[in-house]
Amino acid sequence: MSTPVFPVNPLTLILDGCAVVTMDGQGSEYAAGHIVVTGNTITAVGPGSPPASLANPAAGGAIRRIDASGCLATPGLINTHHHLYQWGTRGMAADATLFEWLTQLYPVWARMDAGIVSPLATAALAWLARTGCSTTMDHHYVFPRSGGDLLGATVAAARQVGLRFHPTRGSMDLGASSGGLPPDEVVEDRDAILAASKSAIEEFNDPSPQSMLRMGLAPCSPFSVTGELLSDAAQLAREAGVRLHTHLAETAEEDEYCAEHFGCTPVEYLDSLGWLGDDVWLAHGVHLDDAAITRLAATGTGVAHCPSSNGRLGAGICRTHDLLAAGVHVGLGVDGAASSEESSLIGEVRQATLVARSASGPRAMTVRQALELATMGGARLLGRDNEIGSLEAGKLADIALWRLDTLPHAGIADPVAALVLGARPPLELLLVNGETVVERDQLVTVDEREVAVHASHASAELAGRR
Ligand SMILES: [Zn+2]
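Below is a short write-up of the structure.

Conventions used here
- Residues numbered from 1 in each chain as written.
- Predicted model: local features only at pLDDT ≥ 70, side-chain atom pairs only at ≥ 80, totals over all residues.
- Heavy atoms only, no water.
- Helix = DSSP H or I, 4+ residues; strand = E, 2+ residues; numbered from the N terminus.
- Rg over C-alpha atoms; globule rule 2.2 N^0.38 Å.
- Buried < 20%, exposed > 50% of the residue type's maximum accessible area, 1.4 Å probe, protein only.
- Contact = heavy atoms within 4.5 Å.
- Areas by Shrake-Rupley, 256 points an atom, 1.4 Å probe, with all protein chains shown as cover.
- Donors = N, O, S within 2.8 Å, 3.2 Å for Na, K, Ca; no water.
- Tetrahedral: all angles 85-135°; square planar, octahedral: opposite > 155°, others 65-115°.
- Patch = residues over 30% accessible without salt bridge, like charges linked within 9 Å, V, L, I, M, F, W, Y side chains within 5 Å.
- Salt bridge = Lys/Arg side-chain N within 4 Å of Asp/Glu carboxyl O.
- Lys, Arg positive; Asp, Glu negative; His and termini not counted.
- Charge placed at Lys NZ, Arg CZ, Asp CG, Glu CD.
- Expected span 1.5 Å × (residues − 1).
- Arc of directions from axis to C-beta.
- Polar contact = N/O pair within 3.5 Å; in protein donor to acceptor, adjacent residues only side chain to side chain.
- Pairing = 2+ DSSP bridges.
- Core = buried A, V, L, I, M, F, W, Y, C linked by side-chain atoms within 4.5 Å.

**Some details on the overall build of the protein chain**
Across its full length, the protein chain carries 15 helices and 17 strands. For the protein chain, the C-alpha radius of gyration of 21 Å lies close to 23 Å, the compact-globule estimate for 466 residues. Seen through its principal axes, the protein chain has C-alpha atoms that stretch 70 × 45 × 40 Å. Per-residue burial for the protein chain yields a buried fraction of 60% across its 466 residues. The contacts of the protein chain with a sequence gap of at least 6 include a subset with a gap of at least 24, amounting to 75%. Carbon together with sulfur atoms contributes 51% to the accessible area of the protein chain, which is approximately 16700 Å² in total.

**A look at the coordination of the zinc ion**
Protein-derived ligands of the zinc ion are H81 (NE2), H83 (NE2), H247 (NE2) and D335 (OD), with the metal-ligand distances lying across 2.1 to 2.4 Å. One can describe the site at the zinc ion as irregular: its four donor atoms subtend angles covering 89 to 175° at the metal. Every donor residue of the zinc ion comes from the same chain, spaced as H-x1-H-x163-H-x87-D. On the criterion of sequence distance, the pair formed by H81 in the loop between β6 (77–79) and α2 (98–109) and D335 in the loop between β13 (330–332) and α12 (345–360) is long-range, its members being 254 residues apart. Each member of the pair, H81 as well as D335, carries the same accessibility label: buried.

**Let's talk about a negative patch on the surface**
Negative charge collects at one region of the surface, where E100, E253, E256 and E260 lie side by side. Following the sequence through the fold, E256 ends up in helix α7 (residues 252–262).

**Concerning helix α15 (residues 448–464)**
With 17 residues, α15 extends 24 Å from end C-alpha to end C-alpha; this agrees with the ideal 24 Å at 1.5 Å per step. Among all positions of α15, only V451, A455, A458, S459 and L462 are buried. One face of α15 carries all of its buried residues, which in axial projection span an arc of 100°. Across α15 from its buried face, at more than 90 degrees, point the exposed residues R449, H457, A460 and G464. For α15, the elements touching its buried residues are α2 and α3 (114–130). For α15, the side-chain oxygen to backbone nitrogen distance between the N-cap and R449 is 3.0 Å, and the N-cap itself is D447.

**Regarding the pattern of salt bridges**
The full count for this structure, using the stated rule, is 23 salt bridges. The salt bridge involving E387 is made with R214; its shortest N-O contact spans 4.0 Å. In this pair, E387 is assigned in the loop between α13 (367–381) and β14 (399–403) and R214 in the loop between α5 (190–204) and β9 (216–219), connecting sequence segments 173 residues apart. For the pair E387 and R214, one class covers both residues: buried. Several salt bridges share partner residues, and in doing so they unite R403, D405, E428 and R440 into one network.

**Quick notes on the pairing of strand β3 (residues 41–47)**
Taken together, the six bridges between strand β2 (residues 29–38) and β3 define a ladder with antiparallel strand orientation. For T38, the partnering residue across the bridge sits in β3 and is T41. Turn length for the β2-β3 hairpin, with the two strands adjacent in sequence and antiparallel, is two residues, and the turn residue G39 shows positive phi of about 65°.

**Some points on the nonpolar core**
Within the largest apolar cluster, 123 residues are counted, with the highest numbers of intra-cluster contacts made by W101, W109, L163, L296, L323 and L430. Looking at this core, the element that brings in the most residues is α3, giving ten residues. Those residues in contact with W109, other than ones at most four positions away along the chain, are Y85, Q86, T89, W101, L102, Y141, V142 and P144. L13, L15, L391 and L401 belong to the second largest nonpolar core, which has 17 residues in total.

Next up, the structure:
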């Protein structure tokens, strides 16, 4: 694996006249400012127009200047929990609890293969890009025996759409006959999982700076994997230098499951298996008591907050205000599209703001805090906060440019409030690693209509398989 090679005299791109919210450590914002990008790197951010020396590079490289007036530039958004394949099972079990929803969908997912996953992952990634996401993780945990190279299909899709990708090799080894929730037909043997995980890291992980792909390991949840697998996966991940992820403390039923099977809370269970640390981030974290929050903060363990999915499944409301107050790193996730049909990352920013205030009062989360969850918060969870998550000279050019001068937003006093509380704005430009992925609200890397047609066919084929 290698990072892209840029020409000797790379393109210099100048965004001029936009509002800029940098999400840097000082909270720097400019009502009218500029961003200069050279190749895949941000070379300047500031108020007013760019200095002439930056705007007219002498090295002979080409310059593209974009009049960005009427727009707001933010860091590209970072999605920290997703299951791309679930794009094909949206709208099913629409009024179910988590355990009911899983029980209904496991048999459908058991019939997928790489030919199905490829168009579904492409569609999920394409919609993430259209909603301002420049980096996403994927948690793929269902590997049917005759499914083919499912991880390879998602990696190819991410390359095609052009997103920075943090896939995780997920897994389940605790079937119903052994006391788990999933049917035996969708679980794998532990040794096979560990071997496949090792191979996936060797094949796909690029640990180099500016990487477009970093692997992680992600056994699925306390009720679908064994403690032995959790321990072994943690050891393998740490030997390989990759991060760990799992679902945790999502529902009250999971709390009951852990009390009954392990005699402790979900966080105590993970703690007993060596699964807390600054290389671990957990999806959901809805049902956390004060002791659990203290322990997550002390260990540097992160939480991927997925407010739409939690609402869709009636799981509860994550204590984001308390997590942030305790110093826990929190990012945002759309979660799989089967439990979050909107799957819009900017939509999750709005949702996170509203549910935090509904649960904990009007000061529970500011609009800027919510945007930080989707930018620097996500970058910390993925271990990339020195490279992405804010607009600063030297960081990678992952930038979202939102148009705020059309009907839904024109005249809103604060551009950050317009972005977070208003309708989803047109995305004027999405740069990932300096490359254009979306322009004028249209994908430029793939044909959006074709992607939709292929995903629709794949969903129908999956639903019809027996
Ligand atoms: Zn999930």
